[in-house]
Amino acid sequence: MPKNKPKKSKGRGFKTRAEQLQAGESASQSQDEETLSDTSSVATAASDYHDDVANGENAVEGSTLEDTEIRLKEVIEGLTEKNAKHRQNCLIEIRKAFASTWLVAFLENYQETLLDYMEKCLRKGKGEEQSLAADALAVVGTQVVACGEGERLFLQFKSILLVIISDKSASTVARTNCCRTLGLLTFMAVDEVAQIYSCMSAFETVFRQSYLKGDKSVPTVSPLVSDLHMSALSAWGLLLSVVPWSKVVESAESHLSKLPELLTSNNVMLRITAGETIALFYEIYRTEDSERLVRRLLNVRDLTEDLHLLATDSSKHRAKKDRRQQRSSFRDILRAVENGDTPEDSIKFGSEILYICSWTGKRQYSAVKDTLSTGMNFHLKENPLLRDIFELGAPLLDGEAGRLNRGSHFERHLYNQAIFKARSIVRGRQRDKRVGFGV
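Because the structure is a prediction, the values reported are computed rather than measured. (Residues numbered from 1 in each chain as written. Predicted model: local features only at pLDDT ≥ 70, side-chain atom pairs only at ≥ 80, totals over all residues. Heavy atoms only, no water.)

Q: Please provide a residue-by-residue account of the overall build of the protein chain, values included.
A: Counting its secondary structure elements, the protein chain contains 18 helices and two strands. Counting only residues that meet the buried cut, the protein chain has 44% of its 439 residues in that class. Across the protein chain, the fraction of contacts at a sequence separation of at least 24, relative to all contacts at a separation of at least 6, is 70%. Total accessible area computed for the protein chain in this model is approximately 23500 Å², and 49% of it derives from carbon and sulfur atoms. (Helix = DSSP H or I, 4+ residues; strand = E, 2+ residues; numbered from the N terminus. Buried < 20%, exposed > 50% of the residue type's maximum accessible area, 1.4 Å probe, protein only. Contact = heavy atoms within 4.5 Å. Areas by Shrake-Rupley, 256 points an atom, 1.4 Å probe, with all protein chains shown as cover.)

Structure representation (structure tokens):
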């Protein structure tokens, strides 16, 4: 209530009717003004509060580069605070900043400090803090690797991430995010195949727990653990897309006959990831003209029957969204197994378009997209590392984007098919060249 509320006037009964009406209107107007002032004050306070919350959760949106860097210095120091919730909020801000802003110049002076503090969050933090730290590390890593510091970053965090992944007492969500982060860092930063193999081995240890038991029954796991297995399989498939041919054959011998067992999982994303990994194996084997080896390891008839059932599944016990997503994914997977078809997706960012026309490209794009989320389009335009991975060339200069000659859809389709065939041949030759290791 207003502090200076007017008192009731005495002798009101002695006023004329006109005076009473005039006094009533004045009092009403005065009260309305005070109420409006009070309401405005409350609204302003509420607005300020929500602005503070929004700034805490999304500090970098709509701000200049200088403002972002100033704020980043504050939140990096905030990682040393004793309050765990405060450190978690700082990790969220760091992730958002690096997802939406190109900060390589900032990293020249603050990279070592930032990474050391994030390492402490992973080593000493618990549950939510470890999960957020792993998530932030993956996003920061996309710029650190672009600066040429990828190997150093990987060696600093590999053992920490592996410890968390293998620790069954750790938070399941943290282990899930660590799988995704380690897979992406290994993919982006590592050329030494022995290091890649050790990470793949760690992922195998995790997702093999979803294979059927000895009595062919489906193992009972919680939804969170199932998500962990899916994340490990996804990271493993990402690394499978870049290892030498000899490792592909070895991996197929160990897992290709087992992967169809994951198609019976209760987790729709684990089923889809398993199906896409099988399609990836088929694509690599066809590139090497060795599809007969797949038939030796798989009962293709049983596999196609299972894929067909999943592509047409209408079971009411599954959520409607899950059924729709599953049918769409497994139609593509079935065509890949039966006819060697590849996915055809296009991603528009600015005035450019990225075409995905292989299972290899789909797995790699999905891995980066899962990490950067809404910042993916920004990084496709600005990040030379991602532009190199997806063969987009150097970042466009101002004015160049508007002069792009896209051609017709059919012309782009033919062009990308030719590029994919040429790239497959080159990759096939390069696989056996990556053998500088003592394994």
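Now that the structure is up, let's keep going.
Q: Hey, could you go over the pairing of strand 2 (residues 352-356) for me, with residue numbers and the actual values?
A: Burial along strand 2 is one-sided: Glu352, Leu354 and Ile356 are buried, and none of Ile353 and Tyr355, which face the opposite way, are. Sheet analysis places strand 1 (residues 345-349) next to strand 2, joined by five bridges and oriented antiparallel. Bridge pairing in strand 2 links aspartate 345 to isoleucine 356. Counting the residues between successive antiparallel strands, the hairpin from strand 1 to strand 2 contains two residues, one of them, glycine 350, with a positive phi of roughly 65°. (Pairing = 2+ DSSP bridges.)

Q: Give a description of helix 7 (residues 172-189) that names residues and reports values.
A: When the terminal C-alpha atoms of helix 7 are compared, their 26 Å separation across 18 residues agrees well with the 26 Å that a helix rising 1.5 Å per residue should span. In terms of burial, helix 7 is a largely internal element, 15 of the 18 residues being buried. One side-chain oxygen of the residue at the start of helix 7 lies 3.3 Å from the amide nitrogen of valine 173, identifying that residue as serine 171. (Expected span 1.5 Å × (residues − 1). Polar contact = N/O pair within 3.5 Å; in protein donor to acceptor, adjacent residues only side chain to side chain.)

Q: Give me the nonpolar core: which residues, what numbers.
A: Within the largest apolar cluster, 112 residues are counted, with the highest numbers of intra-cluster contacts made by Phe98, Phe203 and Phe390. For this core, the element with the highest residue contribution is helix 11 (residues 268-287), accounting for 11 residues. For phenylalanine 390, the contacting residues outside a window of four places in its chain are Leu354, Gly361, Gln364, Tyr365, Val368, Met376 and Leu380. (Core = buried A, V, L, I, M, F, W, Y, C linked by side-chain atoms within 4.5 Å.)

Q: For the environment of leucine 307, give the residues involved together with the corresponding values.
A: Take leucine 307: it is sitting in helix 13 (residues 300-311). In this structure leucine 307 comes out as buried when scored by relative accessible area, which is 0%. The spacing of leucine 307 and leucine 263 is 44 residues in sequence and 8.3 Å in space, taken between C-alpha atoms. Apart from the residues within four sequence positions on either side, leucine 307 is in contact with Leu263, Phe330, Ile333, Leu334 and Val337.

Q: Can you break down the pattern of salt bridges residue by residue, with the values?
A: Under the defined criterion, the tally for this structure stands at 13 salt bridges. The closest approach of N and O atoms between glutamate 129 and arginine 87, which form a salt bridge, is 2.9 Å. Highlighted residues: glutamate 129 in helix 5 (residues 128-146) and arginine 87 in helix 3 (residues 84-100), separated in sequence by 42 residues. For arginine 87, a relative accessible area of 15% gives the class buried. We note a salt bridge from arginine 296 to glutamate 253, for which the minimum N-O separation is 2.6 Å. Taken as a pair, arginine 296 in helix 12 (residues 291-297) and glutamate 253 in helix 10 (residues 245-256) lie far apart in primary sequence, 43 residues in all. Residue arginine 296 is classed as exposed on the basis of its relative accessible area of 52%. Using a relative accessible area of 39% as the deciding quantity, one classes glutamate 253 as partly exposed. Taken together, the shared-partner salt bridges connect Arg71, Glu74 and Glu93 into one network. (Salt bridge = Lys/Arg side-chain N within 4 Å of Asp/Glu carboxyl O.)

Q: Can you lay out helix 5 for me, pointing to particular residues and giving the numbers?
A: Over its 19 residues, helix 5 extends 28 Å from the first C-alpha to the last, a length consistent with the 27 Å expected when each residue adds 1.5 Å. The buried fraction of helix 5 amounts to 17 of the 19 residues, a majority that puts the element mostly inside the structure. Among the residues trailing helix 5, glycine 148 stands out with phi positive, at a value near 90°.

Q: Hey, could you go over the confidence of the model for the protein chain for me, with residue numbers and the actual values?
A: Looking at the protein chain, the pLDDT average stands at 82 and 76% of residues meet or exceed 70. Under a pLDDT of 50 for its full length, residues 433-439 has, in the predicted model, 11 contacts with residues more than four places off or in other chains. (pLDDT = per-residue confidence, 0-100.)

Q: Describe in detail the packing of aromatic side chains, supporting the description with residues and values.
A: Counted by the stated rule, this structure contains six aromatic pairs. Seen in terms of ring centroids, tryptophan 245 and tyrosine 285 are 5.1 Å apart; in terms of plane orientation they differ by 65°. Their pairing is edge-to-face. Of the two residues, tryptophan 245 sits in helix 10 while tyrosine 285 sits in helix 11, which places them 40 residues apart along the sequence. A relative accessible area of 1% places tyrosine 285 in the buried class. (Phe/Tyr/Trp six-rings, centres within 6.5 Å; stacked < 30°, edge-to-face > 60°.)

Q: Which residues make up the state of the cysteines, and what values do they have?
A: The tally for this structure, following the rule as stated, stands at zero disulfides. The thiol sulfur of cysteine 178 is not disulfide-bonded, and the nearest other cysteine sulfur, from cysteine 179, lies at 7.5 Å. Since its relative accessible area comes to 0%, cysteine 179 is described here as buried. (Disulfide = S-S within 2.5 Å.)

Q: So what's going on with the packing of helix 3 against helix 5? Residues and values would help.
A: Here helix 3 crosses helix 5 at 25°, and the two axes come no closer than 9 Å. The angle between the axes of helix 3 and helix 5 places the two elements in the roughly parallel class. Crossing handedness for the pair helix 3 and helix 5: left-handed. Residues Ala84, Arg87, Gln88, Leu91, Ile92, Ile94, Arg95, Phe98 and Ala99 of helix 3 touch helix 5, and the partners they reach there are Glu128, Glu129, Leu132, Ala133, Asp135, Ala136, Val139, Val140 and Gln143. Residue composition of the contact of helix 3 with helix 5, grouped by class: 11 nonpolar, two polar and five charged. (Axes fitted to C-alpha atoms, helices over the stretch in contact; angles between N-to-C directions. Parallel < 35°, antiparallel > 145°, perpendicular 65-115°, else oblique. Left-handed = near helix turned anticlockwise from the far one by under 90°. Nonpolar A, V, L, I, M, F, W, Y, C, P; charged D, E, K, R; others polar.)

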